[in-house]
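# Inside the fold
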Amino acid sequence: MKIHLKQDYQYRTIWNVVGKIPGTQSPDEWVIAGNHRDAWVYGAVDPNSGTAAMLEAAHGIGELLKSGWKPKRTLMLASWDAEEEGLIGSTEWAEQHDKELARAVAYFNMDVGVSGPNFSASAVPSLKQFVREVTKAVSSPAGGTVFEAWKERRSRESAREPNREEPENNRVAATSEVRVGDLGSGSDFTAFLQHLGVPATDISSGGDYGVYHSAFDNFAWFKKFGDPTFAYEQQMARVFGLEALRMADVDVLPYDYENYGREISSYLESAQKKSVEKLGKKAPDYGAALTAARRMMAAGAAIAAKQKDPSVDAAKLNRVLRDTEAALLLPQGLPNRPWFRHAIYAPGEYTGYAAVVIPGVNEAIDAGDEARTQQQLAALTAAINRAAEKLESFR
Ligand SMILES: [Zn+2]
C-alpha cells in the first residue's frame, strides 16, 4: 500500500492571549493557569470545553478583583495557540520567559475540560495531595464533593479490574488515596515541567469520548452526550479556578516532597527489577540511587514540619521549596533529546501521550544498553541528591 501525503507547510501567525494580575507580595512568583484555543475541527470538547471553564474561572476571579481582593503572587491566565500542531504556542511562550519561569510556582493545565462526568488528574508528586485537597472543596453535580465522586468511581473500577490504572510504579500512591496520574505529554504543561522544571498539574472530566479530534467533536455532540446540563463545566471552572487562587494566596507553598521521594523510590524499584530481567548480571547497582531517594523522602518529611510552622521565614522557605523541583533537571537533558531535561518525567519516545518515569534509565534498559543505563542512573542519582540537598539547605 502507498499513502500519498500532501502537507500544507506555511508560516502562519499564531496568538497566545495571556492575562496577568500582578501579585501584591511576591510578584515574581508566577502562578500560571492555561488551556489551548486552537482545535482540529470544531473542537467543542478539545479544547473549547476547557476554554469555557477557564473563561468562567476568569469571570469569578474578575468578580473577586472588583470586590477589592488582590492575589499575593502574580496570577496569569493563558489561552495558547497552535497546541495541536506541536504545543507551539505554550512552548514558544515558556522559552521566551524562561528566566522569569525559574521562579514560577505552578503551571495548571486544562485541555479536554469536559467530555463526561469522570474527574481525573495528573500532577507532579509534590502537587498530588494539593489537587486532592482542591477537589474536596468543590461540590460534584453527582452529589457530595468532586473528591468523593472521584474516589468512589476509582474504587468501583479497581474492584472490577484490579490492575487497571495501577501500574506497578504507582502502587504506593494507590494504597489509601485516590490515584493522581503522572504527567506525560500531549498538552501544554510539557514546556513548563519537562523543559523548565515548573511544578504542574493537569485536570479533566472524562467520559465515552469517541469523537476525539474529529469533525463530530461539535456542539451537538457536547450538548447531547458530553455535558447536557453544563454542570460539569461549572465543576471544572471551580476546580481550575481554585487551584490558581489557592496557589496564588497560600503563605507557604504546599508541595509534598516526602511523597515525591517515595514515588521516585517506587520508580527505582520497578526499574531495578526490569534491569535484572533485561540485562541479567550486567544490571547496574541501584544502591546509591535508592539511598538518594530515601534521603529525599527524609528531607521532605523534615521540611514538611517547617511548612506547618507558623513562625517560619516563609519567603526563604518558599524559595527552597520552589528550587527543589528545578534541582531535578538534568544539565545535559535526556540522551538524543536534550530539550527534555526533567530527570523524573518525560513523554515516552514511543508511548504517545503516556509518561515514562525516570526516562533516562528506563529507556536505556529498554534499549538493552547497559553502559547507558549505568550513566543515566548516575545522572539520576545526582539529580535526586541535588533535590535532597536543596531541601536540607533550609535552616
Ligand atoms: Zn487539546
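In this text the structure is predicted, and so the values were computed from the model without any measurement. (Residues numbered from 1 in each chain as written. Predicted model: local features only at pLDDT ≥ 70, side-chain atom pairs only at ≥ 80, totals over all residues.)

A tally of helices and strands in the chain yields 14 helices and eight strands. The C-alpha atoms of the chain give 21 Å as radius of gyration, which agrees with the globular expectation for 395 residues (21 Å, within 12%). The dimensions of the chain, computed from C-alpha atoms along their principal axes, are 70 × 60 × 50 Å. The contacts of the chain with a sequence gap of at least 6 include a subset with a gap of at least 24, amounting to 80%. (Helix = DSSP H or I, 4+ residues; strand = E, 2+ residues; numbered from the N terminus. Rg over C-alpha atoms; globule rule 2.2 N^0.38 Å. Contact = placed C-beta atoms within 7 Å.)

Most of strand 3 (residues 73-80) is tucked away: eight of the eight residues are buried. In this structure, strand 2 (residues 26-36) lies alongside strand 3, joined through eight bridges in parallel fashion. Bridge pairing links His 36 to Trp 80 in strand 3. Note on the crossover from strand 2 through helix 1 (residues 44-66) to strand 3: the handedness is right-handed. (Buried ≥ 20, exposed ≤ 12 C-beta atoms within 10 Å, placed from the backbone. Pairing = 2+ DSSP bridges. Right-handed = clockwise from strand over helix to strand, strands pointing away.)

Taken in spatial order, the six strands make up an open sheet running 1-3-2-4-6-5, and their pairing is mixed. Strands with a single pairing partner mark the edges of an open sheet, and in this sheet they are strand 1 (17-21) and strand 5 (118-123). Averaged over all adjacent pairs, the angle separating strand axes in this sheet is 15°, with direction ignored. (Axes fitted to C-alpha atoms, helices over the stretch in contact; angles between N-to-C directions.)

Right, let's get into the packing of helix 12 (residues 314-327) against helix 14 (residues 370-392). Between helix 12 and helix 14, the shortest axis-to-axis distance is 8 Å and the interhelical angle comes to 175°. Classified by the angle their axes make, helix 12 and helix 14 are roughly antiparallel. Contacts between helix 12 and helix 14 involve Val 320, Asp 323, Thr 324 and Ala 327 from the first element and Ala 383, Arg 386, Ala 387, Lys 390 and Leu 391 from the second. Looking at the contact of helix 12 with helix 14, its residues break down into five nonpolar, one polar and three charged. (Parallel < 35°, antiparallel > 145°, perpendicular 65-115°, else oblique. Nonpolar A, V, L, I, M, F, W, Y, C, P; charged D, E, K, R; others polar.)

Turning next to the environment of Thr 13. Assignment of secondary structure puts Thr 13 in the segment before strand 1. For Thr 13, a count of 6 C-beta atoms within 10 Å corresponds to the exposed category. Distance in space between the C-alpha atoms of Thr 13 and Ala 82 is 9.7 Å, their sequence separation being 69 residues.

We now examine the domain arrangement of the chain. In terms of domains, the chain is made up of domain 1 (17-249) and domain 2 (257-392). Opposite the 23 residues of domain 1 that make contact, domain 2 presents 26 residues. Of all the secondary structure elements, the ones that give two or more residues to the side of domain 1 that touches domain 2 are helix 4 (125-136), helix 6 (171-174) and helix 7 (189-195). It is helix 4 that provides the largest number of residues to the side of domain 1 that touches domain 2, a total of four residues. (Domains from an automatic or database assignment.)

We now examine the environment of Trp 80. Tracing the backbone through its elements, the reader meets Trp 80 in strand 3. In contact with Trp 80, other than residues within four places in its own chain, are Asn 16, Gly 34, His 36, Arg 37, Gly 89, Ser 90 and Asp 188.

This part takes up the environment of Val 105. By the secondary structure assignment, Val 105 is in the loop between helix 3 (98-101) and strand 4 (106-114). On the neighbour-count criterion, Val 105 (24 C-beta atoms within 10 Å) is buried. For the pair Val 105 and Arg 319, spaced 214 residues apart in the sequence, the C-alpha separation amounts to 9.4 Å. Contacts of Val 105, omitting those with residues within four sequence positions, involve Glu 29, Trp 30, Val 31, Arg 73, Met 247, Leu 253 and Arg 322.

Right, let's talk about helix 9 (residues 231-249) for a bit. Spanning 19 residues, helix 9 covers 27 Å between terminal C-alpha atoms, matching the ideal 27 Å at 1.5 Å per step. When you tally the buried positions in helix 9, you get 14 out of 19 residues, the bulk of the element. (Expected span 1.5 Å × (residues − 1).)

Moving on, we get to unusual backbone geometry. The omega torsion across Asp 46 and Pro 47 is 15°, close enough to zero to call that bond cis. Counting through the fold element by element, Pro 47 comes out in helix 1. Positive phi values are uncommon outside glycine, yet Ala 82 reaches one of about 55°. Within the secondary structure, Ala 82 is located in the loop between strand 3 and helix 2 (88-96). Backbone geometry at His 213 places phi at a positive 60°, although glycine is not the residue there. As for its position among the elements, His 213 is in the loop between strand 6 (200-206) and helix 8 (219-226). Under the C-beta neighbour-count criterion, His 213 is labelled partly exposed, with 14 such atoms within 10 Å.

On to the nonpolar core. Val 31, Tyr 107, Ala 200, Phe 240, Met 296 and Ile 384 are the most contacted members of the largest nonpolar core, which totals 102 residues. Examining the composition of this core, we find that nine residues originate from one element, helix 9, more than from any other. Composition of this core by domain shows at least three residues from each of domain 1 (17-249) and domain 2 (257-392). Among all residues touching Met 296, those that are not within four sequence positions of it are Tyr 257, Tyr 260, Gly 261, Ile 264, Ile 384, Ala 387 and Ala 388. (Core = buried A, V, L, I, M, F, W, Y, C linked by C-beta atoms within 7 Å.)

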